[in-house]
Amino acid sequence: MSFKAEQIARLADSGWSCCESVAEAVARAGLPAVTPDYLAATFSDDLWEVAERAVLALRNHFASARFAKETTYGILLIPDPGRLDTRRPMTAAVRADQLGAPTKDVFDERLPAGALGVRPGRPWTMVATVTGVYGPSLGSHHQIVDGPAASFTVAGTDTRALMIRQLWGARVLQSGRDLPDCESNARWTFTLFPGEGLTDGQAESGTVLKGKVRFRLGKPDRGIGSARVAPAIAVT
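Residues numbered from 1 in each chain as written. Predicted model: local features only at pLDDT ≥ 70, side-chain atom pairs only at ≥ 80, totals over all residues. Heavy atoms only, no water.

A few words on the overall build of the protein chain. Along the backbone of the protein chain there are eight helices and 10 strands. Viewed in the frame of its principal axes, the protein chain has a C-alpha envelope of about 45 × 40 × 35 Å. Looking at the protein chain as a whole, 53% of its 236 residues qualify as buried. For the protein chain, the share of sequence-separated contacts (at least 6 apart) that also reach a separation of at least 24 residues comes to 78%. (Helix = DSSP H or I, 4+ residues; strand = E, 2+ residues; numbered from the N terminus. Buried < 20%, exposed > 50% of the residue type's maximum accessible area, 1.4 Å probe, protein only. Contact = heavy atoms within 4.5 Å.)

Below is the structure:
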């Protein structure tokens, strides 16, 4: 199966379409349904080729990272933030089919608006990034931000710029019931957002813990194995 066909099949079978409460949120936002026909018609063959090269480049560049073997890269769809802003907590109803019951997100109110890696305008934007439940471990927020650019630059793109809340929020929705960074997985993790600045000296991260999706702040020097990231390249 070609990369394009494989990714279209995965996206059409993702939370965007197959997790009812998430699909309802997509419809309420006035976004096109994520179907095979829509994906094939909206994104050109040339763009799928760019996407494939970006995914392969990410996989190869971070192949030696800690926990690289359990990391899956692919295409993440980011909705137009003017219609569905994944930087913000979702309503309890949106999580109903993801968590088994309507459940409010836990969102630290000290968090700022958050970086917009994908700006309003397009209904959906493709990003090459981590799409599985675990990202690689590349150190703490400080270690990543202060690290050499060459360690994080893939295909001419500094992948730290899109290690942000917006992408993780979309990844959680796209994952449907197979949530990333969740305590019900074989191991619990959390994803750091080094592309976001510190707030009150603390670093942003996202996780799913005690049955709730959590956008939180923590120590910026925490580089334990549970601290993961999602290197990303926008496909445009």
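Next comes the rest of the description.
This paragraph deals with the nonpolar core. In this structure, Trp16, Ile75, Leu77, Trp124 and Met126 are the most contacted members of the largest nonpolar core, which totals 54 residues. Residues in contact with Ile75, not counting those within four places in the same chain, are Phe3, Gln7, Leu11, Trp48, Ala51, Val55, Met126, Val127, Ala128, Thr131, Gln174 and Val235. (Core = buried A, V, L, I, M, F, W, Y, C linked by side-chain atoms within 4.5 Å.)

Moving on: the packing of helix α1 (residues 3–12) against helix α5 (residues 45–61). In helix packing, the relevant descriptors are the interaxial angle and the interaxial distance, both defined with respect to the helix axes. Following both chains from N to C, one finds α1 and α5 inclined at 90°, their axes separated by 10 Å at the closest point. Overall, the two elements α1 and α5 adopt an arrangement that is roughly perpendicular. Contacts between α1 and α5 involve Phe3, Lys4, Gln7, Ile8 and Leu11 from the first element and Asp45, Trp48, Ala51, Glu52 and Val55 from the second. By residue class, the composition of the contact of α1 with α5 is six nonpolar, one polar and three charged. (Axes fitted to C-alpha atoms, helices over the stretch in contact; angles between N-to-C directions. Parallel < 35°, antiparallel > 145°, perpendicular 65-115°, else oblique. Nonpolar A, V, L, I, M, F, W, Y, C, P; charged D, E, K, R; others polar.)

This part covers the pattern of salt bridges. Counted under the stated rule, the structure contains 10 salt bridges. Note that Arg10 and Glu6 form a salt bridge whose closest N and O atoms lie 3.2 Å from each other. Of this pair, Arg10 and Glu6 both sit in helix α1, separated by four residues, roughly a single helical turn. What makes Arg10 partly exposed here is its relative accessible area of 45%. Here Asp158 makes a salt bridge to Arg160, at a shortest N to O gap of 2.8 Å. Judged by relative accessible area, Asp158 falls into the partly exposed class, the value being 28%. Taken together, the shared-partner salt bridges in this structure form one network comprising Glu70, Arg187 and Arg228. (Salt bridge = Lys/Arg side-chain N within 4 Å of Asp/Glu carboxyl O.)

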